[in-house]
Amino acid sequence: MKRNILITGGAGFIGSHVVRLFVNKYPEYNIVNLDKLTYAGNLANLKDIENKPNYTFIKADIADLDEMRRIIKEHEITGIIHLAAESHVDRSIKDPFTFARTNVMGTLALLQAAKEYWESLPEKYEGKLFYHISTDEVYGALELTDPEGIESPFTTTASSSEHHLAFGTEFFLETTKYNPHSPYSASKASSDHFVRAYHDTYGMPTLVTNCSNNYGPYQFPEKLIPLFINNICNRKPLPVYGKGENVRDWLFVEDHARAIDLIFHKGKVADTYNIGGFNEWKNIDLIKVIIKTVDRLLGNPEGYSDELITYVTDRAGHDLRYAIDSRKLQKELGWEPSLQFEEGIEKTVRWYLDNQEWMDNITSGDYERYYTEMYQNR
Ligand code: NAD
Ligand code: TYD
């Protein structure tokens, strides 16, 4: 079957991995990548596939309803994988309106444009899907019952062999009540509700997935892992928020992209799946792994960059612990992460060290000024 698939936010971190996977794996599909190219969007992320015959890039803003109507109709779109968003919590604290505009109004514009086009066709919603990519942050924060961690009750390939811990007994389930705290997570929660409302009200075939923190190549260096790798290389301070005790659950980005592919093709319409690898890390422990890996690969003596660790004022409303229970996805669709955490981190650090030019291009100019100001204000 010929499918015309619109992927939004495809020039960003996760989106670029999803676009690459679909363009290479499905030559029979037309893949349309729609992205506004904000500071976070970078076409250099897709150099290797930009000339493929089944790939088209369109620069557009998802909040522009008329543009969304035109593009969806012109390209006869039958499936949408929606990743475009403002995605950084610290930016949302400074500028919540941009997050409401893109994440809420943008998602709504995309839903409305898809609804109008699909309802105008003789077969209407048959063979259509609106797949919305969301985050575990909409569930709020879990309690951190044991700051040292206990043996995790669950295992996947992503769980590290050396470090297989849970920092509490509760996990986010698909049924966990939404309780967002940051302007970012509030805007994502709102967009998730709109997606489900378009299913319940108009019968649009929709799907939502909520994934844990991603890491890997092409992540913008304002997020913890690429920021710290870059700062270690440049002998800059590593700003650890608060005491570094907050816990995040980390998944290699290509495993997220593989899950998106599987769910897009096999997921149950109107359902929700949590995506994660049962791979919880306290920030400070993760940071020590990053320092050790970078130092080793750069040929520095062990402990050489430890002195860069700098404790700074905590993030406002900093969620203590995220931990995803992804057993539904594993049981129903047979998804498993492919990479163990040690391999994923090694691969990631090597990628940033080998792609210094990519990093230098995006850390010059505006971003450098933004980051310096952000850091000075802490
Ligand atoms: P990112 O910030 O790296 O990329 C976002 C992309 O969206 C960029 O290319 C940007 O140019 C584009 N964009 C922003 N505003 C737009 C607009 N108005 N119109 C069109 N394009 C626009 O984000 P990411 O980390 O790749 O996250 C992608 C999606 O996955 C987001 O929806 C995010 O909420 C979700 N998510 C991210 C993570 C994570 O750890 N990064 C985890 C779970 C879910
Ligand atoms: P981040 O990568 O921003 O993802 P999120 O806030 O969506 O989980 O941050 C991951 C964790 O690292 C989070 O607990 C905040 C912390 N952090 C720092 O301690 N220092 C930093 O400079 C950054 C960017 C994050």
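Each value, and the rule that gives it
Residues numbered from 1 in each chain as written. Chains lettered and ligands numbered in written order. Predicted model: local features only at pLDDT ≥ 70, side-chain atom pairs only at ≥ 80, totals over all residues. Heavy atoms only, no water. Pairing = 2+ DSSP bridges. Helix = DSSP H or I, 4+ residues; strand = E, 2+ residues; numbered from the N terminus. Axes fitted to C-alpha atoms, helices over the stretch in contact; angles between N-to-C directions. Contact = heavy atoms within 4.5 Å. Near = heavy atom within 4 Å. Polar contact = N/O pair within 3.5 Å; in protein donor to acceptor, adjacent residues only side chain to side chain. Areas by Shrake-Rupley, 256 points an atom, 1.4 Å probe, with all protein chains shown as cover. Nonpolar A, V, L, I, M, F, W, Y, C, P; charged D, E, K, R; others polar. Parallel < 35°, antiparallel > 145°, perpendicular 65-115°, else oblique. Left-handed = near helix turned anticlockwise from the far one by under 90°. Buried < 20%, exposed > 50% of the residue type's maximum accessible area, 1.4 Å probe, protein only. Salt bridge = Lys/Arg side-chain N within 4 Å of Asp/Glu carboxyl O.

Comments concerning the sheet that holds strand β1 (residues 3-8)
Taken in spatial order, the seven strands line up as β3-β2-β1-β4-β5-β8-β12 in an open sheet, and their pairing is parallel. Of all the strands in the sheet, just β3 (55-59) and β12 (272-275) have a single pairing partner and so form its edges. With direction set aside, neighbouring strand axes in the sheet form an average angle of 20°. Of the strand pairs in this sheet, strand β4 (residues 79-82) and strand β5 (residues 129-135) are connected by four bridges, and their pairing is parallel. Bridge pairing links His 82 to His 132 in β5. Sheet strands in contact with helix α5 (residues 183-202) are β5, β8 (206-211) and β12, and its direction is about 155° off that of β5.

A closer look at the site of ligand 2
Glu 137, Pro 239, Arg 248, Arg 315 and His 318 are the nearest of the 18 residues found near ligand 2. Between ligand 2 and Asn 213 there is a distance of 2.9 Å, counted from an oxygen atom to a side-chain nitrogen or oxygen. For ligand 2, an oxygen atom lies 2.5 Å from a polar atom in the side chain of Arg 315. Across the complex, the protein chains shield 96% of the 510 Å² of accessible surface that ligand 2 would expose by itself. Counting only elements with at least two residues in the shell around ligand 2, the list comes to α6 (224-233) and β10 (238-241). Looking at the shell around ligand 2, its residues break down into eight nonpolar, five polar and five charged.

Topic: the packing of helix α2 (residues 65-74) against helix α4 (residues 96-120)
For the pair α2 and α4, interaxial distance at closest approach is 9 Å and the crossing angle is 45°. By the angle between their directions, the pair α2 and α4 is classed as oblique. Crossing geometry of α2 relative to α4 is assigned as right-handed. For the pair α2 and α4, the contacting residues are Leu 65, Met 68, Arg 69, Ile 72 and Lys 73 in the first and Ala 109, Leu 110, Gln 112, Ala 113, Ala 114, Glu 116 and Tyr 117 in the second. Here the contact of α2 with α4 is built from residues that sort into eight nonpolar, one polar and three charged.

Brief notes about the site of ligand 1
Taken together, 29 residues sit near ligand 1, with Ile 14, Asp 35, Ser 87, Tyr 184 and Lys 188 positioned nearest. At 3.5 Å, a backbone N or O of Leu 37 approaches an oxygen atom of ligand 1. Here ligand 1 has 830 Å² of accessible area as a free molecule, and 97% of this is covered by the chains. For the shell around ligand 1, the elements supplying multiple residues, two or more each, are α1 (13-25), β5, α5 and β9 (213-215). In terms of residue class, the shell around ligand 1 is made up of 13 nonpolar, 11 polar and five charged.

Regarding the side chain of Asn 33
Tracing the sequence through the fold places Asn 33 in strand β2 (residues 29-35). If near-sequence neighbours (up to four positions away) are discounted, Asn 33 is found in contact with Ile 7, Gly 9, Gly 10, Ala 11, Val 19, Leu 46, Tyr 55, Thr 56, Phe 57 and Ile 58.

Considerations on unusual backbone geometry
One non-glycine residue with positive phi stands out, namely Leu 37, at about 55°. Tracing the backbone shows Leu 37 in the loop between β2 and β3.

Thoughts on the side chain of Thr 293
Summarising the element assignment, Thr 293 is placed in helix α8 (residues 283-298). Relative accessible area serves as the criterion here: at 6%, Thr 293 is assigned to the buried category. Excluding anything up to four places from it in sequence, Thr 293 contacts Ile 345, Glu 346 and Val 349.

Focus on the sheet that holds strand β11 (residues 247-252)
Reading across the sheet, the three strands line up as β9-β11-β13 and stay open at both edges, with mixed pairing between neighbours. Each edge of the sheet is formed by a strand with only one pairing partner; in this case those strands are β9 and β13 (280-282). With direction set aside, neighbouring strand axes in the sheet form an average angle of 50°. Here three bridges tie β11 to β13, and the two strands are oriented antiparallel to one another. Counted as the bridge partner of Asp 249 is Glu 280 from β13. Sheet strands in contact with α8 are β11 and β13, and its direction is about 90° off that of β13.

Concerning the pattern of salt bridges
Overall, the coordinates contain 22 salt bridges when judged by the stated rule. The salt bridge involving Asp 61 is made with Arg 101; its shortest N-O contact spans 2.8 Å. Placement of Asp 61 in the loop between β3 and α2 and of Arg 101 in helix α4 is noted, with a sequence separation of 40 residues between them. Salt-bridge contacts for Asp 66 lead to Arg 69; the nearest nitrogen and oxygen are separated by 2.8 Å. Linking Asp 66 with Arg 69, this pair stays in helix α2, spanning three residues, or about one helical turn. We classify Asp 66 as exposed; its relative accessible area is 52%. Each of Lys 36, Asp 61 and Arg 101 takes part in a single network of salt bridges with overlapping partners.

Quick word on the packing of α6 against α8
Where α6 contacts α8, the axes come no closer than 10 Å and their chain directions differ by 45°. Judged by the inter-axis angle, α6 sits oblique to α8. Note that α6 runs across α8; the crossing there is right-handed. Two secondary-structure elements touch here, α6 through Leu 224, Ile 225, Phe 228, Ile 229, Ile 232 and Cys 233 and α8 through Asn 283, Leu 286, Ile 287, Ile 290, Ile 291, Val 294, Asp 295 and Leu 298. Residue composition of the contact of α6 with α8, grouped by class: 12 nonpolar, one polar and one charged.

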